[in-house]
Amino acid sequence: MLELDNIVKAFGGFRAVDGCTFSVNKGEILGLVGPNGAGKTTLFGVIAGALQPTSGTIRFLGEDVTHLSTDALFHKGLVRTFQIPHEFHRLTVLENLMMVPPNQPGENLFANWLAWGKVRACEEEVRARAVETLAFLELTHVTEERAGNLSGGQKKLLELGRTMMTDAKLVLLDEPAAGVNRTLLRKLEEKIQILNRERGYTFILIEHDMEMIEKLCQPVVCMAEGKVLIQGDFHTVRSDPRVLEAYLGEPAGAEREQAQHDPHIEEVREQELHKEDL
Ligand SMILES: Nc1ncnc2c1ncn2[C@@H]1O[C@H](COP(=O)(O)OP(=O)(O)OP(=O)(O)O)[C@@H](O)[C@H]1O
Ligand SMILES: [Mg+2]
């Protein structure tokens, strides 16, 4: 479905992505892991058309899409969510979903004049889809809430919801688990699995939460310093000495990993996140 061939993205003399080659097959949830600064988010930017690659090619559904814009890729079904949620915080949750579908007739003044009936019908259709999406994500109770008031976990669910308002084929998820409490995390995992198995979505999932990667992803690709170190199943990647070295050699990553497994820190974090969700 997606083929990356020797992708390089340089910022000045620094190669944040340094020759990445791998493919994603239809129906997969590919896990993209690697220490902080490995180049994962930059690679997402390149795949989604937000950043022009310095060199290399990208094929999506058999077509060369290397130089297409984010918009053009979005229309082809390639959709990205962000490491930091991009909700419109003054709009309601429902409005956030309703403004996603591209080319709504209501956005065009002349269409408003000429085809009022069509605009209304389309808006009703979009509304119905948004309502259904909120029900699927179990967010119906916050339909009229301002998106800015949602908890971190709910915002991540809303981001996932926005991909469901499009006819997405490949969804790029950047750290969906970050800042999400355990309960909402389980829900998020379950929704991703349903979207994958029942609705045919293919995913690339960037995550530092290894439990989530283990549960959802096959295959797993590990990046470090802009390069692909290894691709394989979770256990092969996890136990590869190059992967261990990459994580240990990167202090911020190592600390973050350790924090995730320190029962005390975990407990404090859980309490804070729980408070946030009440
Ligand atoms: N616009 C930019 N200009 C210059 N350097 C950048 C830019 N964007 C990213 N970088 C650098 O590229 C490297 C890769 O960053 P990136 O955000 O892709 O890493 P990451 O793997 O997503 O890390 P994390 O796990 O912390 O999110 C980092 O050293 C970062 O500082
Ligand atoms: Mg990142």
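Here, residues in each chain are numbered from 1, in the same order as that chain's written sequence. Each chain takes a letter, starting from A, and each ligand takes a number, starting from 1, following the order in which they are written. This being a predicted model, a pLDDT of at least 70 is required before a residue's local features are given, and a value of 80 or more before pairs of side-chain atoms are given or counted; all residues contribute to the totals for chains, interfaces and linings.

### Considerations on the nonpolar core
- Here, a nonpolar core denotes buried Ala, Val, Leu, Ile, Met, Phe, Trp, Tyr and Cys residues that are linked to one another through C-beta atoms within 7 Å. Residues with at least 20 neighbouring C-beta atoms inside 10 Å of their own are called buried, those with 12 or fewer are called exposed, and the rest are partly exposed, where every C-beta is derived from the backbone. Counting residues in hydrophobic clusters, the biggest one holds 68 residues, and the most contacted among them are Leu 30, Leu 32, Val 93, Val 171, Phe 203, Leu 205 and Cys 222.
- Built from parts of two domains, this core gets at least three residues from each of domain 1 (2-87 + 167-277) and domain 2 (90-149).
- Note on contacts: each residue gets a C-beta atom placed from the backbone, and two residues are in contact if those atoms are within 7 Å. For Phe 203, the residues in contact, after removing those within four places along its chain, are Ile 29, Leu 30, Val 171, Leu 173, Ile 192 and Asn 196. What fixes the domain bounds is an automatic or database domain assignment.

### A short note on the environment of Leu 195
- Here Leu 195 shows up in helix 7 (residues 182-197).
- In this structure Leu 195 comes out as buried when scored by C-beta crowding, with 20 C-beta atoms within 10 Å.
- Between the C-alpha atoms of Leu 195 and Leu 160, which are 35 residues apart in sequence, the distance is 10.0 Å. Helix numbers and strand numbers start at the N terminus; a helix is a DSSP run of H or I with at least 4 residues, a strand a run of E with at least 2.

### Regarding the sheet that holds strand 6 (residues 78-80)
- Judged by pairing direction, the sheet is mixed, and its 6 strands sit side by side in the order 6-7-8-3-9-10 without closing on themselves. With one partner strand each, in any of the chains shown, strand 6 and strand 10 (227-232) form the two edges of the open sheet. Geometrically, the sheet is characterised by an average inter-axis angle of 20° between neighbouring strands, direction not taken into account.
- Relative to strand 10, strand 9 (residues 220-224) is paired through 5 bridges, and the arrangement is antiparallel. Among the inter-strand pairings, Cys 222 is bridged to a residue of strand 10, identified as Ile 230. By definition, two strands form a pair when at least two bridges between them are found by DSSP. In this description, a line fitted to the C-alpha atoms serves as the axis of each element, helices being fitted only across the stretch in contact, and the angle between N-to-C directions of two axes falls anywhere from 0 to 180 degrees.

### A closer look at the confidence of the model for the protein chain
- Looking at the protein chain as a whole, its pLDDT mean stands at 84, while 81% of the residues score no less than 70.
- Note: pLDDT gives the predictor's confidence per residue, expressed from 0 to 100. The low-confidence segment residues 251-256, where pLDDT is below 50, has 8 contacts with residues more than four positions distant or belonging to other chains.

### Topic: the environment of Asp 233
- Relative to the elements of secondary structure, Asp 233 occurs in the loop between strand 10 and helix 9 (234-238).
- Aside from chain neighbours lying at most four places away, what touches Asp 233 is Gln 218, Pro 219 and Val 220.

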